[in-house]
Structures are given as C-alpha cells and as structure tokens.
Amino acid sequence: MNSCTRKLTIRKPTAQDGAAVWKLVKHSGSLDLNSPYAYLMTCEMFAGTSAVACVEDTLVGFVTGYRKPMQLDTLFIWQIGIDPVYRGQGIGKQLLKSVLQREENADASYVEATIGPDNTASSQLFLRLADELGTTCSLTNHFEPDWFPSDTPHDAELLYRIGPLLS
C-alpha cells in the first residue's frame, strides 16, 4: 500500500509525540533542530495550537504554534514538518487548517510565521492558505542574518502575516 492509499489522521499532539517530532525535524534536513525536550514541552503545553498527522501509527507530519502573548489574536506557527515520502500531498495545509478550525482558536484573526527567503515550499503554503481563506498575506523583513550567533550562520527570516481571518 503506498502513502496515497493509507488513511491520514490529524490530531492534537501529546508529550509522547515529542520524540517522533524531533526525529522528523532531525531527518528533514531543512528545519532548525531544537532539543528533544523543547518538542516534548511544545507537544504537551501547546497542543491546542499544534497538530500531528499520522498514517496508521506513524507520525508523518506536524505543525507547532502558539498564540503570541502580546497579540493574543495572532497564531504564530513555529515549525511545520512533513516526512519526505508524504510531501506534496497538502498535509501541511491540512494541519494548519485543523488548528485554525478548533474552538480554542476561533478568535484568532491572524496567522504568522517566519520563513527564509529560499524556502519556496513554506512560502507557497502560506500564500495558498491566505488565498484559500479569502484574505491577504503580507511580507515584511523580520530577523536579520547578523542577529543570529556568528558561529551558526542563518539566513534572514521574512514575516508572513495572513489575515484578517473571516469567521
């Protein structure tokens, strides 16, 4: 059975999903890898603004996010990762929409994420999401390369802001 014929489920993460999320990030080759503890905490403490996608008992994708403390109407997306075997199937957008459709996020008016200028897949994902939601996506410079530690070079990060979201 190939990946297209297996049933995909999307649900809130639990702390027990943290290790699988960490492994997916580690093997993605493109996401910034944080400590395993960070993923355990995120899956537990931010379950309402995060989601995991599973095929059978295998975690194949995730989105992590949180409501910005100083802008509670904004859902900030920290990371999205999809197993390479499952990329190109719209799972990232399904994960984002599942988080936005939850009752606890019904009052979110904006979705934000920072994306590197060379990350075409994520850029396209957020632009398509804005289009599908019938709203705009603005881009502004956010994190400059020289703000990162000099021993860990990093590209600039652009802030994508989708909204206002229509109820």
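Residues numbered from 1 in each chain as written. Predicted model: local features only at pLDDT ≥ 70, side-chain atom pairs only at ≥ 80, totals over all residues. Heavy atoms only, no water.

Re the overall build of the chain
And step 1. Across its full length, the chain carries 4 helices and 7 strands.
And step 2. Moving toward the C terminus, one meets the helices and strands of the chain in the order β-α-α-β-β-β-α-β-α-β-β.
And step 3. Relative to the 2.2 N^0.38 estimate, which gives 15 Å for 167 residues, the radius of gyration of the chain is 16 Å and therefore close to what a compact globule would have.
And step 4. Along the first, second and third principal axes, the C-alpha set of the chain runs to 45 × 45 × 30 Å.
And step 5. For the chain, the share of sequence-separated contacts (at least 6 apart) that also reach a separation of at least 24 residues comes to 64%.
And step 6. Just so you have it, the chain exposes about 9400 Å², and 54% of that area is on carbon and sulfur atoms.
And step 7. Counting 14 positive and 19 negative side-chain charges, the chain places the averaged centre of each group 8 Å from the other. (Helix = DSSP H or I, 4+ residues; strand = E, 2+ residues; numbered from the N terminus. Rg over C-alpha atoms; globule rule 2.2 N^0.38 Å. Contact = heavy atoms within 4.5 Å. Areas by Shrake-Rupley, 256 points an atom, 1.4 Å probe, with all protein chains shown as cover. Lys, Arg positive; Asp, Glu negative; His and termini not counted. Charge placed at Lys NZ, Arg CZ, Asp CG, Glu CD.)

A look at the side chain of Lys68
And step 1. Take Lys68: it is sitting in strand E3 (residues 58-68).
And step 2. Of the polar contacts made by the side chain of Lys68, one reaches the side chain of Gln71; its length is 2.9 Å.
And step 3. Non-local contacts of Lys68, meaning those with residues more than four positions away in its chain, are made with Thr74, Phe76 and Glu112. (Polar contact = N/O pair within 3.5 Å; in protein donor to acceptor, adjacent residues only side chain to side chain.)

Describing the layout of surface pockets
If you roll a probe as big as a water molecule over the atoms, it shows you where there is empty space left.
And step 1. Its boundaries defined by the atoms lining it, the largest pocket holds a volume of some 1100 Å³.
And step 2. Lining the largest pocket are 40 residues, and of these Ser30, Leu31, Ile80, Asn119 and Ser122 lie nearest its centre.
And step 3. When contributions to the lining of the largest pocket are tallied by element, the ones reaching two or more residues are strand E4 (71-82), helix H3 (91-100), strand E5 (110-115), helix H4 (120-132) and strand E6 (137-143).
And step 4. Per-element tally for the lining of the largest pocket: the top contributor is E4, with 7 residues.
And step 5. In the lining of the largest pocket, the residues fall into 18 nonpolar, 15 polar and 7 charged. (1 Å grid on protein atoms, 1.4 Å probe; cavity = no way out; pocket = protein on both sides within 12 Å on 5 of 7 lines; lining within 4 Å. Points joined across faces, edges and corners; volume = space filled by probe spheres on them. Nonpolar A, V, L, I, M, F, W, Y, C, P; charged D, E, K, R; others polar.)

Topic: H3
And step 1. Counting buried residues in H3 gives 7 out of 10 residues, a clear majority hidden from the surface.
And step 2. Within H3, the full set of buried residues consists of Ile91, Gly92, Leu95, Leu96, Ser98, Val99 and Leu100.
And step 3. Residues of H3 that are buried in the fold lie against strand E1 (8-11), strand E2 (51-55), E3, E4, E5 and H4. (Buried < 20%, exposed > 50% of the residue type's maximum accessible area, 1.4 Å probe, protein only.)

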